[in-house]
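Reading the structure
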Amino acid sequence: VSMLATVEAPRAPGTFALVWDVVHEGELWVSSVDPTPVNAAMVEVVAGRAFSVVGGDRPRLMVVGGEIVVPLAVRNDGTRTWEAGEGFAVSYHWLDRRGSMIDREGHRAAVATSVGPGERAEFSVVVVAPRSAGRYRLQWDVVEEGVCWFSDLTDEPLPSYPVLVATDVFSEPVWWA
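Summarised in this report is the structure supplied together with it. Only a predicted model underlies this, so the values are computations on that prediction, with no experimental measurement involved. (Residues numbered from 1 in each chain as written. Predicted model: local features only at pLDDT ≥ 70, side-chain atom pairs only at ≥ 80, totals over all residues. Heavy atoms only, no water.)

1. Some thoughts on the nonpolar core
Generally speaking, nonpolar side chains in soluble globular proteins are found buried as a group. Core analysis: the largest hydrophobic core is formed by 27 residues, its most contacted members being W82, V125 and V127. Those elements that place two or more of their residues in this core are β7 (67-76), β8 (88-96), β11 (120-128), β12 (134-144) and β14 (161-166). Ignoring sequence-local partners within four residues, the contact set of V127 consists of M62, G66, E67, I68, V70, Y92, W94, L138 and W140. (Core = buried A, V, L, I, M, F, W, Y, C linked by side-chain atoms within 4.5 Å. Buried < 20%, exposed > 50% of the residue type's maximum accessible area, 1.4 Å probe, protein only. Helix = DSSP H or I, 4+ residues; strand = E, 2+ residues; numbered from the N terminus. Contact = heavy atoms within 4.5 Å.)

2. Some thoughts on the packing of aromatic side chains
The relation between two aromatic rings is expressed through the spacing of the ring centres and the mutual angle of the planes. Using the criterion set out here, one finds 6 aromatic pairs in the structure. Aromatic side chains Y92 and W140 sit 6.3 Å apart centroid to centroid with 85° between the ring planes, which places their arrangement in the edge-to-face category. Here Y92, found in strand β8, pairs with W140, found in strand β12; they are 48 residues apart in sequence, far enough to count as distant. Assigned by exposure class, Y92 and W140 land together as buried. (Phe/Tyr/Trp six-rings, centres within 6.5 Å; stacked < 30°, edge-to-face > 60°.)

3. Some points on the pattern of salt bridges
Scanning the model with the defined rule gives 7 salt bridges in all. As a salt-bridge pair, D57 and R60 come within 3.6 Å of each other at their nearest N and O atoms. For R60, a relative accessible area of 52% translates into the label exposed. Salt-bridge contacts for R120 lead to E122; the nearest nitrogen and oxygen are separated by 2.9 Å. A residue is classified by how much of its surface remains accessible, and R120, at 49% relative accessible area, is partly exposed. Relative accessible area serves as the criterion here: at 58%, E122 is assigned to the exposed category. (Salt bridge = Lys/Arg side-chain N within 4 Å of Asp/Glu carboxyl O.)

In structure tokens, the structure reads:
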């Protein structure tokens, strides 16, 4: 007999024993009356980012300290629903051109409706440029406020995107001279 089963992974990483059993609902588990040893399958649960950016855009050029609204589509790749009003939000980090973090706390775009595992949601993220001109890298991330950044749950690096931050030529005194 062949069966298809869905198994929910534990929320914490680690090594777990997966043991199959048969149940007569409300009556008994077969393992409780059959002494035959059952072979456990050892399963390694690893932490992952639990989200993917699946659509939208990113800025390529920004003005020092300027703001831009970026449309973004994010998919919940985890096992938990991101509930609206429970602190889940899409945000970003700024890195210098070598990849060192210079601003971890980007503006948040809160989850407006529940996003179940495998579902995607659309966001409008307000991105504020660094206050100095230069070449930077932008990383998208998801945060559960007061709990963690999703990127902290894994060693898998986030993709980052180059952004040139330029001085506003119209605000420079040289321009008017």
